[in-house]
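# An overview of the molecular structure
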Amino acid sequence: MTRFHNPDPERVLVVVSYSAGRPIEPLRQLLSDMAEYPAGHPVDIRVVVNGKVSQTPACSRLPAGVDVLERAHGEHTPGAWEEGWRTPPHYTGYLFLQDDCRIVQSDWVGGFVRVAHRPGVGLVGECRSPNWDAAWPVLVERFRGEIWPEHVLDGQPLERVAFYREHLRRSRIPEGIGGDHLQALILYARRAILERVGGFPMGDSSGETVAAEIGLSKRIQAAGLALTEVGPEPFFYIEHSQWLHRRTSQPLHELRVGGHHA
């Protein structure tokens with residue numbers, strides 16, 4: 001494993017979440033993309049493995065200079081990202097990715113850095129969740145009757161909106177006026193902002209992980225900061241395998257049972 005020592009404070013740390021036992025090829029492709037497309041900003045790369053590295057021996061053969069951090073207990077992306085940015089050394093900015101992302105445009109770090117430094121911006125992503133950009137009463141009706149696996153509180157299954165709102169309440173995160181949020185697929189934040197809002201909310205189940213995805217955006221908004229898409233259209237610099245194409249807003253996970261993103 002590589003450990004970065006006294007990085008240039010202007011460098012960005014790219015934190016990639018990967019779950020041990022998953023196919024390694026998407027991660028290798030993402031790292032290859034990073035080498036192929038100019039980042040537009042100095043970077044270091046850290047892969048946070050959910051599970052034992054020994055479950056995926058190929059993790060020990062990733063490109064030179066990639067830091068591999070093992071997170072033995074945990075399986076969800078927010079926890080990997082949280083450990084990734086809190087583990088020293090400290091950087092001024094962090095780009096958070098899942099392993100099945102693909103770089104599709106040069107300046108894939110520089111673009112995020114510039115937007116994140118605009119006044120009032122707290123969190124930058126590739127896409128707002130299109131189906132959740134509405135007031136809570138509208139969302140209650142929109143998703144009425146939808147109960148997904150692992151959306152259970154106190155032993156009782158709950159409809160999705162009720163589950164997420166109750167999880168926010170128990171986590172002491174202000175829910176705001178609606179469910180608008182940046183999808184937790186590709187996110188950028190400055191360290192000062194992460195420290196200010198307390199980092200990523202946590203979740204133990206897939207349902208709680210979706211609630212945590214919404215919760216990060218709600219923490220940012222509660223701090224009086226804006227959620228901002230990085231490009232002129234969704235998935236401009238980086239796309240994700242769960243979405244049909246970076247130029248569309250039709251999510252694959254809406255076509256599957258039990259998707260893990262709102």
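Numbers given for residues are sequential positions, taken from 1 along each chain in its written order. Owing to the predicted nature of the model, reporting of local features is limited to residues with pLDDT of at least 70; listing and counting of side-chain atom pairs is limited to 80 or more, with chain, interface and lining totals taken over all residues. Side-chain metrics rest on all non-hydrogen atoms present in the structure, leaving aside hydrogens and water.

### Notes on the packing of helix α5 (residues 160–170) against helix α7 (residues 206–222)
- In contact at an axis separation of 9 Å, α5 and α7 are set at 60° when each is read in the N-to-C sense. For the element pair α5 / α7, the angle class is oblique. For α5 against α7, the interelement crossing comes out right-handed. When α5 is examined against α7, the residues Phe163, Tyr164, His167 and Leu168 are found in contact with a partner set consisting of Gly207, Glu208, Val210, Ala211, Ile214, Gly215 and Lys218.
- Polarity classes work like this: nonpolar for Ala, Val, Leu, Ile, Met, Phe, Trp, Tyr, Cys and Pro, charged for Asp, Glu, Lys and Arg, and polar for all others, with Gly in that last group. Its residues assigned to classes, the contact of α5 with α7 comprises six nonpolar, three polar and two charged. Angles shown run from 0 to 180 degrees and are taken between the N-to-C directions of axes, each axis being a line fitted to C-alpha atoms and, for helices, limited to the stretch in contact. Runs of E in the DSSP output that reach at least two residues are strands. Runs of H or I that reach at least four are helices, and both are numbered from the N terminus. By the definition adopted for this analysis, an angle is roughly parallel if under 35 degrees, roughly antiparallel if over 145, roughly perpendicular if from 65 to 115, and oblique otherwise. In a left-handed crossing the near helix is turned counterclockwise from the far helix by less than a right angle, and in a right-handed crossing that turn is clockwise. Contacts were defined at the residue level, with two residues in contact if any of their heavy atoms lie within 4.5 Å.

### Considerations on empty space enclosed by the protein
- Cavity and pocket criteria rest on a 1 Å grid covering protein atoms alone: a 1.4 Å probe that fits but cannot get out defines a cavity, protein on both sides within 12 Å along at least 5 of 7 lines defines an open pocket, and an atom within 4 Å of a point defines a lining residue. Grid points are joined across faces, edges and corners, and a volume is the space filled by probe spheres set on the points. In the structure shown here, the tally under the stated rule is one cavity of 30 Å³ or more.
- Looking at the largest cavity, its volume works out to about 40 Å³.
- What lines the largest cavity is simply Pro78, Trp81, Ala184, Leu187, Phe200, Ala212, Glu213 and Leu216.
- For the lining of the largest cavity, the elements supplying multiple residues, two or more each, are α2 (77–86) and α7.

### A closer look at helix α1 (residues 25–36)
- The terminal C-alpha atoms of α1, which comprises 12 residues, lie 16 Å apart, in line with the 16 Å expected from a rise of 1.5 Å per residue.
- By the burial criterion, the buried members of α1 are Leu27, Leu30, Leu31, Asp33 and Met34. Down the axis of α1, the smallest arc covering the buried residues is 150°, so these residues share one side. Facing away from the buried side of α1, by more than 90 degrees, are the exposed residues Glu25, Ala35 and Glu36.
- Buried residues along α1 sit in contact with β1 (12–19), β2 (43–50), β3 (66–71), β4 (93–98) and β5 (101–103). Helix span is expected to be 1.5 Å times the residue number reduced by one. A simple rule labels every residue: compare its accessible area, found with a 1.4 Å probe on the protein chains alone, to the largest value its type can have, and call it buried under 20%, exposed over 50%, or partly exposed in between. Arc definition: it is the arc formed by the directions from the helix axis to the C-beta atoms.

### Topic: α5
- Along α5, the positions that sit buried rather than exposed are Arg160, Val161, Phe163, Tyr164, Glu166, His167 and Leu168.
- Phi turns positive, to about 60°, at Arg172, one or two residues after α5.

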